[in-house]
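Architecture and fold: a report
In case you want the letters, here they are:
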Amino acid sequence: LDRHGVERAALIASIPGDEASTMAAAASHPDRFYAYAMVNPLVEHAKVTRGLHAICLFPAMHLYSMHDPRVDPLLEQAAAHRCAVFVHCGVLSVGVRKKLGLPSPFDMRYSNPLDLHAVALRHPKVRFIVPHFGAGYFREALMLADLCPNVYLDTSSSNSWMRYEGLDLPAVFRRALSV
């Protein structure tokens, strides 16, 4: 991180029940790390653990709509714990699956950032983060962020989705900042 001038990083626990590892790292280095954890709202024991900086939702991976009533309790918990909600939208590719030649059975019907519009309005105290500029839904992510002051765009990843738009990273930043 130092070599590349990165001051802070989010660590995401992507294995169910592994929140403690990212929380321990963040507690050991609170000026360096944020603790995030993947949560599937369709799983009965899904909850927001106190001490997490953000929960990560992957609707296309876990096959649910952000409008599913099982999502609301998590959003209410996030608001109560002042925990951000990272919602992966757009193209979802898990690199290790690709390298192993495994299919990625994700459903793009659950990937549109506009699905967050009514949800973000209904939960104004929740800070929503849409990663990778919407990962192929750049226009939609910009509209959502423009309409909902509690929605933030994250700039991380290879941003390989830009090949769908014919944009380069400076152009993406210019457009995002202008909105």
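Residues numbered from 1 in each chain as written. Predicted model: local features only at pLDDT ≥ 70, side-chain atom pairs only at ≥ 80, totals over all residues. Heavy atoms only, no water.

1. Quick word on helix 3 (residues 72-81)
How we decide: In this scheme, a residue with accessible area under 20% of its type's maximum is buried, one over 50% is exposed, and one in between is partly exposed, where area comes from a 1.4 Å probe on protein chains only. Note on conventions: DSSP H or I runs of at least 4 residues are helices, E runs of at least 2 residues are strands, and numbering of each starts at the N terminus. When we speak of the arc, we mean the arc of directions from the helix axis to the C-beta atoms. Here, two residues are considered to be in contact whenever any of their heavy atoms come within 4.5 Å of each other.
Among the residues of helix 3, those classed as buried are Leu74, Leu75 and Ala78. When helix 3 is viewed along its axis, its buried side chains cluster within an angular range of 100 degrees and face the same direction. Exposed side of helix 3, more than 90 degrees from the buried face: Glu76 and Ala80 are the residues found there. Against the buried residues of helix 3 lie strand 3 (54-57), strand 4 (84-87), helix 5 (117-122) and strand 5 (128-130). Just downstream of helix 3, Arg82 is the residue with a positive phi angle, here 55 degrees.

2. Details of the nonpolar core
Our working rule: Side-chain atoms within 4.5 Å link the members of a nonpolar core, which is a set of buried Ala, Val, Leu, Ile, Met, Phe, Trp, Tyr and Cys residues.
Counting residues in each nonpolar core, the largest one holds 31 residues, and the members touching the most others are Ile55, Leu57, Met66, Val85, Val87, Leu116 and Phe128. Among the secondary structure elements, those contributing two or more residues to this core are strand 1 (9-13), strand 2 (33-38), strand 3, helix 3, strand 4, helix 5 and strand 5. Those residues in contact with Phe128 that lie beyond four places of it in its chain are Leu75, Val85, Val87, Leu116, Val119, Ala120, His123, Asn150, Val151 and Tyr152. Formed by eleven residues, the second largest nonpolar core is a distinct cluster that contains Cys56, Ala84, Phe86 and Ile129.

3. Observations concerning a nonpolar patch on the surface
The line we're drawing: Nonpolar side chains (Val, Leu, Ile, Met, Phe, Trp, Tyr) within 5 Å and like charges within 9 Å form the patches, drawn only from residues with over 30% relative accessible area and no salt bridge. Exposure was quantified through the Shrake-Rupley algorithm and a 1.4 Å probe, taking into account, for residues, occlusion by the shown protein chains and nothing else. Basic side-chain nitrogens of Lys or Arg form a salt bridge, by our definition, when they fall within 4 Å of a carboxyl oxygen of Asp or Glu.
A cluster of nonpolar side chains, namely Val91, Met108 and Tyr164, defines an oily patch on the protein surface of about 270 Å² accessible area. Following the sequence through the fold, Tyr164 ends up in helix 7 (residues 162-165).

4. Overview of the sheet that holds strand 5
Backbone hydrogen bonds hold the strands of a sheet together, and the pairing may be parallel or antiparallel. Stated precisely, the cut-off is as follows: Strands are treated as partners if at least two bridges between them are detected by DSSP. Orientation is described by lines fitted to C-alpha atoms, with helices fitted over the stretch in contact, and by angles between N-to-C directions that extend from 0 to 180 degrees.
Spatial ordering of the open sheet is given by 1-2-3-4-5-6, a layout of six strands whose pairing is parallel. Strands at the two margins of the open sheet, each flanked by one partner only, are strand 1 and strand 6 (151-153). On average, adjacent strands in this sheet sit at an angle of 30 degrees to one another, irrespective of strand direction. The pairing of strand 2 with strand 3 spans three bridges and is classified as parallel. Bridge pairing in strand 3 links Tyr36 to Ala54.

5. Considerations on the pattern of salt bridges
In total, this model carries five salt bridges according to the counting rule given. The shortest N-O distance in the salt bridge between Arg70 and Asp68 comes to 2.9 Å. What makes Arg70 partly exposed here is its relative accessible area of 44%. Of the charged contacts in the structure, one is a salt bridge between Glu140 and Arg139, with a shortest N-O distance of 3.7 Å. Judged by relative accessible area, Glu140 falls into the buried class, the value being 15%.

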